[in-house]
Amino acid sequence: METGIVTMNEMVAVQDCGLIIDLKTAESQVFGALIMGITYSLFEECVYDPKTGIMLNADMEFYRLAGLKDVGQLKVHMMTGNGYEERGVVGLGEPPVISPGAAIANAVANACGVRVPYLPLTPDRVLTALQQKGGIA
Amino acid sequence: MKSFEYAAPKSLDEATGLLGDKWGDTEVLAGGTDLITCMKQQIVAPKRVVSLKNVADLKGIKAEGKSIRIGATTTLGDLIANSSIQEHFPALITAAKSLHSPQVLTLGTVGGEVLQRPRCWYYRNGLGLYNDSQVRGGDNRYHAIFGNDGKALFVHPSSLAPIFVALGATMIIAGAKGKKRNVAAAKFFQTPKSDADRESALKPNEILAEIEVPTSGLKNAAYEIRHRQVIDWPYVTAAVAFAAKNGAVSDARVVLGHVAPIPWLSQAASKALNGAAISETTAARAGDAATQGAKPLSKNEYKLQLVRVAVKRAALAAGAA
């Protein structure tokens, strides 16, 4: 908590998408979505220079993407059986990528007792929020 | 990339003879992990590139008397694998390992790592290295919090340089016609005054040949604060070295990385460590002292807290080493 750096330990996704035709493919879709969700929650940000308007981090060095070690343990559970399958095929492309931002931000608020109302959750933002609360734990 | 003449001399004398007396006309190629990128992006456009790959005596690590000499073209991977370095300088091992990328460790060299050009995103986007008004009024989250009174606001990008300064290393420089001169690491890294200058004491026709690190038994450790756990640039690094007699610390040096245009020797933090045993309290006190005199820019005040933590953790790690 003294560095403001957020790291992922574990994340669980429970997803309903109606009738699942291929369980492995459906689960893989959710794993991918979680990784994208972690990446935009913690790292991804386009930085533009306010004067010239050029993008300052149009490279893989400062436009950060999560690597394998940044992702933590992921668990995916697909809802199947009665009540789900008879509804037929429902889309699975975007839904699981939306909730990680809120889930991770909530986890940070729960861990340090202060809301950081911006994504990505970079150390400067987390430390600023902690300081406004009255000091770094 | 603009076309250029390529030379791969077999001796150091030949190599220095091929260099020009103005920065930018000629560039020295070691691992190429930075230079080639700079050339592709046309940040530098040399007329001649002098490769050091055939200069055999620049490579390798030798223990000699009370010091270890590291050849400038020793790869970072070989540095990590060397048993004398592992025994005497855990700080160097930690820092080199933190570079992570197998490509960089295999190709990148120790000399190239300390002489790489700044990563300032204004510089890398072709807006120049001394564009201080742009940086002050722009996005300076990764820029300097120390030594930033002048036009140079970038941070020194090297992970190893602060450790060489903390360990009291000597940089051995080869000049024209076989001349050699020695410069202390603390004086080797310099804040350049203009675009016509570079970030070290090297002259355009000189080559960093070796780095001599004394094995005087200093306890040492390095700590870096980074966002990603995979390859990433650190926000702040700290190198700590000190002598320990019966538990009491003396001759402490605390050197910060990524906070100033040069590796930043913090006198206040070094003083704070001297005289007592390393404990949570003394390490934290040194961390607080390390922020003295900092002048954050509009977007990098958070680095102060990271300096406190990096120094504290490096001091504790050195104490436990």
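From a predicted model like this one, the values you see are computed outputs, not experimental measurements. Per chain, residue numbering runs from 1 following the sequence as it is written. For this description, chains carry letters from A and ligands carry numbers from 1, given in the order in which they are written. It should be noted that, the model being predicted, local features are given only for residues of pLDDT at least 70 and side-chain atom pairs only at 80 or more, the latter also being counted only at that level, while totals for whole chains, interfaces and linings use all residues. The side-chain numbers reported here are obtained from all heavy atoms of the structure, hydrogens and water having been left aside.

Turning next to the overall build of chain A. Looking only at helices and strands, one finds four helices and two strands in chain A. For chain A, the α and β elements follow one another from N to C terminus as β-α-α-β-α-α. What you see for chain A is a C-alpha radius of gyration of 18 Å, clearly larger than the 14 Å of a compact globule of 137 residues, by over 25%. C-alpha extents for chain A along the principal axes are approximately 55 × 35 × 25 Å. The 137 residues of chain A split such that 42% are buried. Considering only residue pairs separated by 6 or more positions, chain A has 72% of its internal contacts joining residues 24 or more positions apart. In these tables, accessible area is a Shrake-Rupley quantity obtained with a 1.4 Å probe, and a residue counts as shielded only by the protein chains included in the view. When the accessible surface of chain A is split by element, carbon and sulfur atoms take 56% of a total near 7400 Å². His is not counted, nor are the chain ends, whereas Lys and Arg count as positive and Asp and Glu as negative. Every charge is mapped to an atom, namely NZ of Lys, CZ of Arg, CG of Asp or CD of Glu. Separation between the mean location of the 9 positive side-chain charges and that of the 15 negative ones in chain A comes to 7 Å. Comment: elements are numbered from the N terminus, with helices defined as DSSP H or I runs of at least four residues and strands as E runs of at least two. A radius of gyration in this sense is built from C-alpha atoms; the matching globule rule multiplies 2.2 Å by the number of residues raised to 0.38. Relative accessibility thresholds used throughout: buried, under 20% of the residue-type maximum; exposed, over 50%; partly exposed, between the two (1.4 Å probe, protein chains only). We call two residues in contact when some of their heavy atoms are within 4.5 Å.

This paragraph deals with the interface of chain A and chain B. Contacts between chain A and chain B engage 31 residues on the former and 28 residues on the latter. Joining two parts hides part of their accessible area as seen by a 1.4 Å probe, and the buried area is that hidden amount summed over both. Between chain A and chain B, the buried area comes to about 2700 Å², and carbon and sulfur atoms account for 55% of it. Here a salt bridge means any side-chain nitrogen of Lys or Arg lying within 4 Å of a carboxyl oxygen belonging to Asp or Glu. Seen at the junction of chain A and chain B, the total is five salt bridges. For Arg64 of chain A, the salt bridge is made with Asp232 of chain B, and the minimal N-O distance between the two is 2.8 Å. As used in this structure description, the phrase polar contact means that two N or O atoms lie within 3.5 Å; if the pair is within protein, one of them must be able to donate a hydrogen and the other to accept it, and residues adjacent in sequence are counted only when both atoms belong to side chains. Taken together, the links from chain A to chain B amount to 13 residue pairs in polar contact (both at pLDDT 80 or more).

Okay, helix H3 (residues 95–112) of chain A next. Residues and elements named next belong to chain A. Taken residue by residue, H3 has Pro96, Val97, Pro100, Gly101, Ile104, Ala105, Val108, Ala109 and Cys112 as its buried positions. Among the structural elements, strand E1 (10–15), helix H1 (23–42) and helix H4 (123–133) are those in contact with the buried residues of H3. Two residues or fewer after H3 comes Gly113, characterised by a positive phi angle close to 70°.

Residue and element names in this part refer to chain B. Strand order in this open sheet of five strands is E4-E5-E8-E6-E7, and the pairing throughout is antiparallel. Strand pairing shows two members of the sheet lacking a second neighbour, strand E4 (61–64) and strand E7 (180–184), which therefore form its edges. Here the strands of the sheet are splayed against their neighbours by 25° on average, with no regard to which way each runs. Pairing of strand E6 (residues 170–174) with strand E8 (residues 207–214) involves five bridges; the strand directions are antiparallel. Should DSSP find at least two bridges between two strands, the strands are taken to pair. Note on geometry: axes are C-alpha line fits, over the in-contact stretch for helices, and angles between N-to-C directions span 0 to 180 degrees.

A few words on the packing of aromatic side chains. Two rings from Phe, Tyr or Trp (for Trp, the six-membered ring) form a pair when their centres are within 6.5 Å of each other. A pair whose planes differ by under 30 degrees is stacked, one over 60 is edge-to-face, and the rest are tilted. Counted under the stated rule, the structure contains eight aromatic pairs over all chains. Here Tyr142 of chain B and Tyr235 of chain B contribute two aromatic rings whose centre-to-centre distance is 6.0 Å and whose plane-to-plane angle is 45°, an arrangement assigned as tilted. Remark: Tyr235 of chain B occurs in the loop between strand E9 (219–225) and strand E10 (236–245) and Tyr142 of chain B occurs in the loop between helix H9 (132–137) and helix H10 (161–166); sequence separation between them is 93 residues. Across this residue pair, the class does not change: Tyr142 of chain B and Tyr235 of chain B are buried. Ring centres 5.3 Å apart and planes at 20° place the aromatic pair Phe146 of chain B and Trp264 of chain B in the stacked group. Of the two residues, Phe146 of chain B sits in the loop between H9 and H10 while Trp264 of chain B sits in strand E12 (residues 264–265), which places them 118 residues apart along the sequence. Assessed through its relative accessible area of 26%, Trp264 of chain B is described here as partly exposed. A network of ring pairs unites the aromatic residues Phe62 of chain A together with Trp121, Tyr142, Tyr235 and Tyr302 of chain B as a single cluster.

All names here are of chain B. Each nonpolar core is a collection of buried residues, namely Ala, Val, Leu, Ile, Met, Phe, Trp, Tyr and Cys, held together in the definition by side-chain atoms within 4.5 Å. Counting residues in each nonpolar core, the largest one holds 56 residues, and the members touching the most others are Val240, Val259, Leu273, Val307 and Val311. If you list the elements that add at least two residues to this core, you get helix H2 (35–40), helix H8 (121–124), E9, E10, strand E11 (248–257), helix H12 (267–273), helix H13 (280–289) and helix H14 (302–320). If one sorts the elements of this core by residue count, H14 sits on top with 10 residues. Dropping the residues within four chain positions of it, Val259 is found in contact with Ala144, Ile145, Phe146, Val155, Val236, Trp264 and Val307. Among the nonpolar cores identified, the runner-up in size contains 42 residues, and Ala161, Ala166, Leu202 and Ala222 belong to it.

Residue and element names in this part refer to chain A. Distance thresholds for patches are 9 Å for like charges and 5 Å for nonpolar side chains (Val, Leu, Ile, Met, Phe, Trp, Tyr), applied to residues having over 30% relative accessible area and no salt bridge. Where nonpolar side chains cluster on the molecular surface, the patch consists of Leu19, Ile21 and Val89 and spans about 310 Å² of accessible area. Mapped onto the secondary structure, Val89 falls in the loop between strand E2 (73–78) and H3. Judged by relative accessible area, which is 59%, Val89 ranks as exposed.

Let us look at the pattern of salt bridges. All names here are of chain B. On inspection of all chains with the given rule, the structure shows 26 salt bridges over all chains. In this structure, Arg48 engages Glu5 in a salt bridge whose closest nitrogen and oxygen atoms are separated by 2.9 Å. Here Glu5 lies in strand E1 (residues 5–7) and Arg48 lies in strand E3 (residues 48–51), a separation of 43 residues in the sequence. Asp232 is the partner of Arg228 in a salt bridge, and the nearest nitrogen-oxygen pair spans 3.7 Å. On the accessibility criterion, Asp232 (9% relative accessible area) is buried. One network of salt bridges, with partners in common, ties together Lys62, Glu64, Arg69, Glu210 and Glu212.

Next up on the list: the environment of Ala243 of chain B. Residues and elements named next belong to chain B. The residue Ala243 is located in strand E10 in this model. By relative accessible area, Ala243 is classed as partly exposed at 23%. If near-sequence neighbours (up to four positions away) are discounted, Ala243 is found in contact with Leu218, Ala248, Val249, Ser250 and Asp251.

Residues and elements named next belong to chain B. The parallel open sheet is built from three strands, whose spatial order is E1-E3-E2. Single-partner strands in this sheet number two, and they are E1 and strand E2 (26–29). Within the sheet, the average angular offset between the axes of one strand and its neighbour, ignoring direction, is 20°. Taken together, the four bridges between E2 and E3 define a ladder with parallel strand orientation. Bridging across to E3, Thr26 finds its partner in Arg48.

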